[in-house]
Amino acid sequence: MPITCRNRHCPKCQSAAARDWLAAREADLLPVPYYHVVFTLPAAIADIAYQNKTVMYDLLFKASAETLVTIAADPKHLGARVGITSVLHTWGSVMTHHPHVHMIVPGGGISLNGQRWVACRPGFFLPVRVLSRLFRRLFLEKLIAAHKAGRLKFFGGHVALADTQAFAAYLAPLRRAEWVVYAKRPFGGPQAVLAYLSRYTHRVAIANSRLIACDRAGVTFRWKDYRAEARDRQKVMTLATGEFIRRFLIHVLPQGFHRIRHYGLFASATRADNIARARRLLDVPAAQPKAGDTNCAQTNEPLAHPCPRCGGRMVIIERFQRGFSPRYHPAASTAVIRIDTS
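Counting restarts for each chain, with residues numbered from 1 along the sequence as it is written. The predicted origin of the model limits local features to residues at a pLDDT of at least 70 and limits the giving and counting of side-chain atom pairs to 80 or more, whereas totals for whole chains, interfaces and linings rest on all residues. Excluded from the side-chain calculation are hydrogens and water; included are all heavy atoms of the structure.

Novice: How should I be thinking about the sheet that holds strand S2 (residues 80-81) in this particular structure?
Specialist: Think of a sheet as strands paired side by side through backbone hydrogen bonds, with each pair either parallel or antiparallel. With antiparallel pairing, three strands are arranged side by side in an open sheet as S2-S5-S6. One side of each edge strand has no neighbouring strand; the edge strands of this open sheet are S2 and strand S6 (117-119). Throughout, a residue-residue contact means that at least one pair of heavy atoms, one from each residue, lies within 4.5 Å. In this description, a line fitted to the C-alpha atoms serves as the axis of each element, helices being fitted only across the stretch in contact, and the angle between N-to-C directions of two axes falls anywhere from 0 to 180 degrees. Counting from the N terminus, the helices are DSSP H or I runs at least four residues long and the strands are E runs at least two residues long. Helix-sheet contacts for helix H8 (residues 271-282) involve S2, strand S5 (108-111) and S6, and the interaxial angle to S5 is about 95°. Only strands joined by at least two bridges in the DSSP assignment are considered to pair.

Pasting the structure below:
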């Protein structure tokens, strides 16, 4: 009987949570191109965020969402209300502190008067330079307000930043620096969006698949060097066990902090109505349960049930009458059984 800890930072337990989350999101997808936009905090701001995770990560979510919603609503750019799914990541490939937000956004939105669907230009969503400048201004405004309200704490080499003038001097160079906002090409379709989200929404700082060895020398794992050429990006690193654990724990989020958030058309309070309106404007039918799904609404039973032993999720594969044999038989596996103690 598999045991689950159900911790959201566990690489094993998050796979089941990701499947359930994706099943709920599938009905929300629209038949339009989707774009991937990334907002990244500069290193000097990330240093402050390391000591103020709850406040700074929340500012990152709010400033990036406000930026995208504001520019998209501007008639000079798109002139529409858009929907956003934001996912917080705080790590780089070697588990150093690197806070950034991944956004998945439909390539268009509902017009400001609510009467039509406004599509973006093919292959182009919004100008990243405009997004970058507004994101920089909004984030710094919110950061200064948080400092004035006494919501930030400083330790070690940053303790002097508690002073208002010292903090203003620290931020001065950041007002002129370029803040990184990156927009990728559109996805191939809704299913490609789901495949992408399945890799990003419930990801933790390092997956088991990247671990190579753990011995007296330390922990050895694979990492990707994005500064190198594509064929030379895959590299191997060994960290002392204590340092590996320290880096992993950097990315444990504050208790109760939501790392997946929805804005604009996808905000929870109005999501269903907005998606229904978008489907009408796009002239596509509402999402229907898949044919042959034995767990559809008419059964009045949930997709998953808690295990009576460990409390984890059990997924119904098939129902059959007492005295009869099941039709489903798992394929024989030739894989070697191993014990994963991660």
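Novice: Would you mind showing me how to read the pairing of strand S9 (residues 218-224) here?
Specialist: Both faces of the sheet carry side chains from a regular strand, because those side chains alternate between them. With five of its seven residues buried, S9 lies for the most part within the structure. Pairing geometry for strand S8 (residues 211-215) and S9, over four bridges, is antiparallel. Looking at S9, one finds that cysteine 214 is bridged to valine 219. Connecting S8 to the next strand, S9, in antiparallel fashion are two residues. Across six bridges, the pairing between S9 and strand S10 (residues 234-239) is antiparallel. Opposite arginine 222, over in S10, you have valine 236 as the bridge partner. The classification of residues rests on relative accessible area computed with a 1.4 Å probe and restricted to protein chains. Under 20% of the type maximum is buried, over 50% is exposed, and intermediate values are partly exposed.

Novice: Would you mind going over the side chain of histidine 36 with me for this structure?
Specialist: Looking at the element boundaries, histidine 36 is found in strand S1 (residues 34-40). Two N or O atoms form a polar contact when they lie within 3.5 Å of each other; inside protein one atom must be a possible hydrogen donor and the other a possible acceptor, and for residues adjacent in sequence the pair counts only when both atoms belong to side chains. Within polar-contact distance, the side chain of histidine 36 engages the side chain of histidine 102 at 2.9 Å.

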